Amino acid sequence: RAHGEAFMAAGEKTRGFVGWRYLLSPAHPKPDICDLLASQTGGRLSCNLLPRGVASPPGTFDAVKNGLADISFTVHGYTPGRFLYTQMAEFAFLGDRAEPISVAFDKVARQHPQFAAEHQGTKVIAMFTHGPGMVMNSKRPIRQISDLSGLKFRVGGGMVNEIARSLGMNATLKAGTESYELLSTGVMDGTLFPAESAESFKLSKVVKYATTFSGGLYNTSFVFLMNQARYDALSAADKLAIDAISGEKAARIFGRAWDKVDARGMALLRTDGVVVDKADAAFVAAVKAGVGPLEQRWVQDAQAKGLPNAASVLTEFRSEIARASN
């Protein structure tokens, strides 16, 4: 159920609901942003758990844009071809923690209106990422690119697909919620995920080997967004409350939540006897050579779409991550 759980936040008591999809595990507590929202609005806006969302994951963005839900967060990669600029936050070797990456991602995106234009019709509250992605499998240690050959991997949406292909992996796009069944039945040999999946998807029970990469093999970008008309209809006081938790504050909250569950997931991998390797310099160099063209292509495509000096924006993003990591 992780990556697909739903929350609703009660709106002004006479105006229905404000809802969002919560993408961590059922075992995780609600993010601090729920408490902030309630405290800053005197309880007029509050979070309540729902059994399921109002739309499937690929339909979440449109559900918010069209008013089926008031507020939600979703993975940009769930709707291929729709978001280009946000792929900047999904490249390899961005950082070892979600919090600084998320803070930098939101900051840089807000400095360039092209990012907002890709979310037209919604109010973006924050952009953020999960923690550094790794390789997990049930067959053998992965210590060099050739070890990936001959194995079947489940991957999610977004840039991780392109990264997997660039490394010659036999990768199939499947929902994260299917991971345990796919691996436990042998339909798939492995998956690419952050460490939190060890707990949220019980993967520490079905994988035997994991390989981490300094800076992460990939990331996944998310957006926490609100229906624009619903925001416009709020009272001035509640608009201020939403604005007060938007941007860096929300990005930091979500990033910090991912880091917390990643640490817990990594501990669980080791407790359950999963062999955890860290990619050595030669392996990292080979991966960088494989994924380098993806960044070059993004720069070209982003610039062609309308982002001036896209290479400088990517450099700026990495600099902001480094600054936020100190």
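Refer to the structure above for everything that follows.
The rules we used
- Residues numbered from 1 in each chain as written.
- Predicted model: local features only at pLDDT ≥ 70, side-chain atom pairs only at ≥ 80, totals over all residues.
- Heavy atoms only, no water.
- Phe/Tyr/Trp six-rings, centres within 6.5 Å; stacked < 30°, edge-to-face > 60°.
- Helix = DSSP H or I, 4+ residues; strand = E, 2+ residues; numbered from the N terminus.
- Buried < 20%, exposed > 50% of the residue type's maximum accessible area, 1.4 Å probe, protein only.
- Lys NZ or Arg CZ within 6 Å of the ring centre and 35° of its normal.
- Pairing = 2+ DSSP bridges.
- Axes fitted to C-alpha atoms, helices over the stretch in contact; angles between N-to-C directions.
- Contact = heavy atoms within 4.5 Å.
- Right-handed = clockwise from strand over helix to strand, strands pointing away.

1. As for the packing of aromatic side chains
1) Next: Taken as a whole and judged by the stated rule, the model has 13 aromatic pairs.
2) Next: Relative to Phe254, the ring of Phe224 lies with its centre 5.1 Å away and its plane at 80°, an arrangement referred to as edge-to-face. Of the two residues, Phe224 sits in strand β11 (residues 221-227) while Phe254 sits in helix α10 (residues 248-271), which places them 30 residues apart along the sequence. Comparing Phe224 with Phe254, the two get one shared label, buried.
3) Next: Through a chain of ring-to-ring contacts, the aromatic side chains of Phe73, Phe128, Phe222, Phe224, Phe254 and Trp258 assemble into a single cluster.
4) Next: Between Lys123 and the ring centre of Tyr231, over which it is positioned, the NZ or CZ distance is 4.4 Å.

2. Details of the sheet that holds strand β6 (residues 134-137)
1) Next: Read across the open sheet, the 6 strands follow the order β8-β7-β9-β6-β10-β12; overall the sheet is mixed. Two strands bound the open sheet, and with one partner strand each, they are β8 (170-173) and β12 (275-278). Sheet twist, expressed as the average angle between the axes of neighbouring strands with direction ignored, equals 25°.
2) Next: Here strand β7 (residues 152-155) runs beside strand β9 (residues 190-193); their pairing, made up of 2 bridges, is parallel. Counterpart to Phe153 in the pairing with β9 is Gly190.
3) Next: Taken strand by strand, helix α5 (residues 159-166) contacts β7, β8 and β9, and its axis lies near 160° from that of β7.

3. So, the pairing of β7
1) Next: Relative to β8, β7 runs parallel, the two sharing 4 bridges. Looking at β8, one finds that Arg154 is bridged to Thr172.
2) Next: The parallel pair β7 and β8 is bridged by α5, and the resulting crossover is right-handed.

4. Focus on unusual backbone geometry
1) Next: Positive phi, normally seen in glycine, also occurs at Lys202, with a value near 60°.
2) Next: Topologically, Lys202 is positioned in the loop between α7 (197-200) and β10 (209-212).
3) Next: Notably, Asn309 is not glycine yet its phi reads approximately 50°, a positive angle.
4) Next: By relative accessible area, Asn309 is classed as exposed at 53%.

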